[in-house]
Amino acid sequence: TSLSIGPAGARMERQPKASAQEVKTRKTMLNLDDQGGKIMAEYIWLGGSLWDVRSKCRTLDFTVEAGTEDLKKLPEWNYDGSSTEQAPGHNSEVIIQPRRIYRDPFRRGNNVIIICDAYDNKGQPLPTNHRARCAEIMEKYKDHSPWFGLEQEYTMFHDKPFQKKPLGFPVGGYAGPQGPYYCGVGTGTVVGRELVEAHYRSCLYAGVKISGINAEVMPSQWEFQVGPCEGMQMGDDLWFARYLLYRCSEFYNINVNFNPKPMKGNWNGAGCHANFSTKETRAEGGLEVIEKMMKKLESKHKEHIKEYGEGNEQRLTGKHETASMDKFSFGVADRGASIRIPTTTKANGCGYFEDRRPAANCCPYKVTALLVETCLAEEAKE
């Protein structure tokens, strides 16, 4: 489930440490540049538990370029849905449609990774395909130019079965109290930076609109920010950035965890704060538009909470920089509110707001679609 450690909660023995000769041989094989004029295209999609990210690769006889009409050249593909809990065995074929192309930071060259969504053999989106619904909403409200920026928090855990605590926590004990870790530097203050750097560079190479990273309040907890992105690119880029984080974690034998409350007690949870604006909120007088949106969001508070992540009730307690999930609130520069209106937005009279309710394990397609639909519903063109 989305609360388990690692993509699917699986545990496997670590591979034995490679010898120097084995390492050299692997590098030689992986650095073969001549692919005979062909490219490798990795197709990725979401499995039955949503967080069950899957992928497989195929050979193409032509090159494709991200952000172009080349997307139409890519063939659809299929997979065994009975092995991902998305189809019965007697009718197991699931179709995946290419939706966005990224450069492959692992194979490099002309090789690509393609984010896809899943359909049954009648062309209907699977119940787990939240992208399809999001695409409909973004198309409907595209004239409002919705911009998003998502702040993805996550926690690094040991890969050892006997050590079920985050990196930096001693066996049988706990790390020191929160305080020095947020945006911290130095041995004993931060852990896992090598994975963070590898992920950051992979995102930049691939074409993800990653805008920054920082160490978070709890030890071994980090955050990366993606955006600003318009419309569908937000959900695609965040899911792809998560995929890259999982891939990079394989090199360091670290389990990446998106549990909204990975450690019980006096430790911060993990969220995915959503920054949102439209051309109306960014224009002169936009603050008044935002204030009207607050009323709409308050009226739909329960609906949003329901879709903002599994286990979020453990995080939204009114403590540790959160608002209680039972009551909607907003305020200027208030990190203890459901919605924070930045000081700059207040001062300029226009800008954006930050929805602090989404959990780290939320689906960005759901979150962005809900924000657009709730805030703009009455303004849709007939």
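Please read all numbers here as calculations on a predicted model, not as lab measurements.

Caption draft 1: The arrangement of the overall build of the protein chain in detail. Of the regular secondary structure elements, the protein chain holds nine helices and 13 strands. Taking 2.2 N^0.38 as the reference for a compact globule, 382 residues should give roughly 21 Å; the C-alpha atoms of the protein chain span a radius of gyration of 21 Å, in line with that estimate. With respect to the three principal axes, the spread of C-alpha positions in the protein chain is 60 × 55 × 40 Å. Across the 382 residues of the protein chain, 51% fall into the buried class. Restricting to contacts in the protein chain with at least 6 residues of sequence separation, those with at least 24 account for 64%. When the accessible area of the protein chain is evaluated, it comes to approximately 18,800 Å², of which 50% is carbon and sulfur surface. Side chains of the protein chain carry 50 positive and 49 negative charges; the gap between the two charge centres is 4 Å.

Caption draft 2: Quick peek at unusual backbone geometry. A cis amide bond links Gly227 to the next residue, Pro228, at an omega of 0°. Within the element layout of this structure, Pro228 appears in strand β8 (residues 221–230). Positive phi, normally seen in glycine, also occurs at Cys183, with a value near 55°. Checked against the element boundaries, Cys183 lands in the loop between β6 (147–157) and α3 (193–206).

Caption draft 3: Summary view of the confidence of the model for the protein chain. Here the protein chain averages 91 in pLDDT, while 92% of its residues score no lower than 70. Segment residues 1–12 is flagged for pLDDT under 50; beyond a separation of four residues in sequence, or across chains, it makes 25 contacts in the model.

Caption draft 4: Quick peek at the pairing of β6. Of all 11 residues in β6, 10 are buried, a share of seventy percent or more. In this sheet, β8 lies alongside β6 in antiparallel orientation, the contact comprising eight bridges. The partner of Glu153 across the bridge, within β8, is Glu223. The pairing of β6 with strand β10 (residues 272–277) spans six bridges and is classified as antiparallel. Along β10, the bridge assignment pairs Gln152 with Cys272. As defined by bridge partners, β6 adjoins strand β9 (residues 255–257) across three bridges and the pair is classed as antiparallel. By the bridge assignment for β9, Phe157 is matched with Asn255.

Caption draft 5: Spatial organisation of α3. With 14 residues, α3 ought to run about 20 Å at 1.5 Å a step, and its terminal C-alpha atoms sit 20 Å apart, in line with that. Taken together, the buried positions of α3 are Leu195, Val196, Ala198, His199, Ser202, Cys203 and Ala206. Projected down its long axis, α3 carries its buried residues within an arc of 165°, all on one side. The outward face of α3, more than 90 degrees from its buried face, is lined by the exposed residues Glu194, Arg201 and Leu204. Close packing links the buried residues of α3 with β4 (93–103), β6, β7 (210–215), β8, α4 (233–252) and β9. Note on α3: the residue one or two positions beyond its end, Gly207, has a positive phi of about 110°.

Caption draft 6: Spotlight on the pattern of salt bridges. Counted by the stated rule, this structure contains 16 salt bridges. The partner of Asp52 in a salt bridge is Arg54, with the nearest N and O atoms 2.6 Å apart. The buried category is assigned to Asp52, whose relative accessible area is 9%. The class for Arg54 is partly exposed, based on a relative accessible area of 29%. The salt bridge involving Arg107 is made with Asp104; its shortest N-O contact spans 3.5 Å. One salt-bridge network, held together by shared partners, links Glu42, Asp104 and Arg107.

Caption draft 7: Region of interest: the nonpolar core. Residues Tyr154, Val208, Trp239, Phe240, Phe353 and Leu371 are the most contacted members of the largest nonpolar core, which totals 69 residues. Top contributing element to this core by residue count: α4, with 10 residues. When near neighbours in sequence (up to four residues on either side) are disregarded, Phe240 contacts Ile44, Tyr102, Ile113, Ile115, Ala206 and Val208. Grouped together as the second largest cluster of nonpolar side chains are 18 residues, Leu74, Trp77, Val112 and Ile114 included.

Caption draft 8: A look at the side chain of Asp117. Mapped onto the elements, Asp117 comes out in strand β5 (residues 112–119). Asp117 sits in the buried class, given a relative accessible area of 4%. Here the side chain of Asp117 touches Arg99 through a polar contact of 2.9 Å, side chain to side chain.

Caption draft 9: Representation of the sheet that holds β5 in the model. Pairing in this open sheet of five strands is mixed, and the strands run β2-β1-β5-β4-β3 from one edge to the other. Taken across any chain shown, the strands that pair with only one partner, and hence form the sheet edges, are β2 (53–60) and β3 (77–80). In this sheet, adjacent strand axes meet at a mean angle of 40° when their direction is disregarded. Direction of pairing for β3 relative to β4: antiparallel, over a ladder of four bridges.

About the thresholds
- Along each chain, residues carry numbers from 1 onward, in the same order as the chain's sequence is written.
- Since the coordinates come from a predicted model, pLDDT governs what is reported: local features require at least 70, and pairs of side-chain atoms require 80 or more to be given and counted, while whole-chain, interface and lining totals use all residues.
- No hydrogens and no water enter the side-chain calculation; it runs on all heavy atoms of the structure.
- Numbering goes from the N terminus for both helices and strands, where a helix is a DSSP run of H or I of at least four residues and a strand is a run of E of at least two.
- For the radius of gyration, the atoms used are the C-alpha atoms, and the globule rule reads 2.2 Å times the number of residues raised to 0.38.
- Partly exposed describes any residue whose relative accessible area lies between the buried limit of under 20% and the exposed limit of over 50%, with all areas from a 1.4 Å probe on protein chains only and scaled to the type maximum.
- Note on definitions: a residue-residue contact is assigned when non-hydrogen atoms from the two residues lie within 4.5 Å.
- With residues, only the protein chains shown are counted as cover, and all accessible areas are computed by Shrake-Rupley using a 1.4 Å probe.
- The positive count covers Lys and Arg only, the negative count covers Asp and Glu only, and His and the chain ends enter neither.
- Taken as the charge location is NZ of Lys, CZ of Arg, CG of Asp or CD of Glu.
- Scored from 0 to 100, pLDDT reflects the predictor's confidence in each residue.
- Two strands form a pair only when DSSP identifies at least two bridges running between them.
- One fewer than the residue count of a helix, multiplied by 1.5 Å, yields its expected span.
- Throughout, the arc means that of the directions going from the helix axis to the C-beta atoms.
- Whenever Lys or Arg places a side-chain nitrogen within 4 Å of a carboxyl oxygen from Asp or Glu, that contact is recorded as a salt bridge.
- In this description, a nonpolar core means a group of buried Ala, Val, Leu, Ile, Met, Phe, Trp, Tyr and Cys residues linked to one another through side-chain atoms lying within 4.5 Å.
- As used in this structure description, the phrase polar contact means that two N or O atoms lie within 3.5 Å; if the pair is within protein, one of them must be able to donate a hydrogen and the other to accept it, and residues adjacent in sequence are counted only when both atoms belong to side chains.
- Only C-alpha atoms enter the line fits that serve as axes; for helices the fit covers just the stretch in contact. Angles between N-to-C directions range over 0 to 180 degrees.

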